Amino acid sequence: MRTYVITGGTDGMGKGLGLHFLRRGDQVIAVASSATKGGAFLREAAAIGAGERAVFLRADLSTLTGMRATLARVADLADTVDGLVFGAQRFRPRREVTEDGVEFTFALHYLSRFVLGHGLVDALARADTPVIMNICGPGGFPGRMHWDDLTLREGYTGTRAAMQASRANDLLGVAFPHRHPNTRIRYVLYNPMMVRTAMADPLPAPHRILTKAAGFVFGRSVARAIPPIAHLLDEPPGDPVTAFRRRTQLPLTRKDFDPGNAIRLDALTAELVQR
């Protein structure tokens, strides 16, 4: 039996992936903020005979307090973590700031993955084939790091924030083996492209309708999106870090994966976390 920790694990692809692993006999720790969705996840797990192997951790992963509490609770539940899956994200049309003074999207979509990924290194290292799966946006829509304004005090849009978080996650993956040069953990950046989930729900009505319509026409169902992700978790690539757009592996020579920028962001983030 393997143990998987999945953020955003009570909805969309996170939930679908969790139920996939529960059906085959693994343990799943789903981390998310909604008690209602957490209860629904546990009921579905019980319905397939996996109630004893399913855990819901309610957490606010947009705050450093919530991130650190999650690390402590996972440590209480599992000595070994075979796979860590990052799926938590939430679109914000308007700029919001967390209690730590960090822009919400940057905190949830990027900073929580930095804190949890590095914080669970020891538990992952005890697994036979440990892997971190970062579901983000390599090889997708354009975006850039706003080095002089990472929290987007000026010119905020939800799309700009989401695209910056995607680029930050590309760099997070590249920096991981630099911070942990001797690790056996494999870091996979994965872009599922368009999948029919509830991510469009926070959008204003016209944009929400258009996005959902596009997803219906061009997007894949969660059930179809899960197999390639599960395969990479079961058989991670041999390289320390890799990036995929669906089943296509991307070269890390692209500018989005610049090692210098990765180390730069790693240092800036470490300072932010230590405040």
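Let us look at the structure shown here. (Residues numbered from 1 in each chain as written. Predicted model: local features only at pLDDT ≥ 70, side-chain atom pairs only at ≥ 80, totals over all residues. Heavy atoms only, no water.)

**Let's talk about unusual backbone geometry**
For L152, which is not glycine, the phi dihedral falls at a positive 55 degrees. Tracing the sequence through the fold places L152 in the loop between β5 (131–135) and α6 (158–179). A relative accessible area of 1% means that L152 is categorised as buried. (Helix = DSSP H or I, 4+ residues; strand = E, 2+ residues; numbered from the N terminus. Buried < 20%, exposed > 50% of the residue type's maximum accessible area, 1.4 Å probe, protein only.)

**A few points about helix α1 (residues 12–23)**
Under the 1.5 Å per step criterion, the end-to-end length of α1 is 17 Å for 12 residues, consistent within 8% with the ideal 16 Å. Most of α1 sits inside the fold, with 10 of its 12 residues counted as buried. Of the positions making up α1, those classed as buried are G12, M13, G14, K15, G16, L17, G18, L19, F21 and L22. (Expected span 1.5 Å × (residues − 1).)

**With respect to the layout of surface pockets**
Estimated volume of the second largest pocket: approximately 290 Å³. L150, T151, L268, L272 and R275 are, among the 15 residues lining the second largest pocket, the residues nearest its centre. Looking at the lining of the second largest pocket residue by residue, the class counts come to 7 nonpolar, 3 polar and 5 charged. (1 Å grid on protein atoms, 1.4 Å probe; cavity = no way out; pocket = protein on both sides within 12 Å on 5 of 7 lines; lining within 4 Å. Points joined across faces, edges and corners; volume = space filled by probe spheres on them. Nonpolar A, V, L, I, M, F, W, Y, C, P; charged D, E, K, R; others polar.)

**Some thoughts on the nonpolar core**
In this structure, L61, Y110, I132 and Y187 are the most contacted members of the largest nonpolar core, which totals 51 residues. The biggest single contributor to this core is helix α4 (residues 104–119), with 9 residues. (Core = buried A, V, L, I, M, F, W, Y, C linked by side-chain atoms within 4.5 Å.)

**Some points on the environment of H178**
By secondary structure assignment, the location of H178 is in helix α6. For H178, a relative accessible area of 48% gives the class partly exposed. Separated by 145 residues in the primary sequence, H178 and S33 have C-alpha atoms spaced 31 Å apart.

**Describing the pairing of β5**
With respect to burial, β5 is a largely interior element, 5 of its 5 residues being buried. By the alternation rule, side chains of β5 split into V131, M133 and I135 and I132 and N134, which are all buried. In terms of strand pairing, β5 meets strand β6 (residues 186–191) through 5 bridges, oriented parallel. Among the inter-strand pairings, I132 is bridged to a residue of β6, identified as Y187. Crossover connection from β5 via α6 to parallel β6: handedness right-handed. (Pairing = 2+ DSSP bridges. Right-handed = clockwise from strand over helix to strand, strands pointing away.)

**Thoughts on the pairing of strand β7 (residues 241–245)**
Burial analysis of β7 places 4 of its 5 residues in the buried class, which makes it a mostly covered element. In the sheet, β6 pairs with β7 via 5 bridges, with the strands oriented parallel. By the bridge assignment, N191 is partnered in β7 with R245. Taken together, the 3 bridges between β7 and strand β8 (residues 248–250) define a ladder with antiparallel strand orientation. Within the sheet, the bridge partner assigned to R245 lies in β8 and is T248. Connecting β7 to the next strand, β8, in antiparallel fashion are 2 residues, including R246 with a positive phi near 55 degrees.

**Quick word on the sheet that holds β7**
Strand pairs in the sheet, formed through backbone hydrogen bonds, run parallel or antiparallel to each other. Spatial strand order, β3-β2-β1-β4-β5-β6-β7-β8: 8 strands in an open sheet with mixed pairing. A single partner strand is all that each edge strand has here, and the edge strands are β3 (54–58) and β8. Ignoring strand direction, the axes of neighbouring strands in this sheet form an average angle of 20 degrees. Across the face of the sheet, helix α8 (residues 222–234) comes into contact with β1 (3–7), β4 (83–86), β5, β6 and β7 while running at roughly 155 degrees to β5. (Axes fitted to C-alpha atoms, helices over the stretch in contact; angles between N-to-C directions. Contact = heavy atoms within 4.5 Å.)

**Focus on the packing of α1 against helix α2 (residues 35–47)**
Between α1 and α2, the least distance of the axes is 10 Å, while the angle of their chain directions is 25 degrees. On the basis of their axis angle, the class for α1 and α2 is roughly parallel. At the point where α1 passes α2, the crossing takes the right-handed sense. Of the residues in α2, those touching α1 at K15, L19 and L22 are F41, E44 and A45. Per-class residue counts for the contact of α1 with α2 are 4 nonpolar, no polar and 2 charged. (Parallel < 35°, antiparallel > 145°, perpendicular 65-115°, else oblique. Left-handed = near helix turned anticlockwise from the far one by under 90°.)

Taken by themselves, the reported measurements are silent on function.
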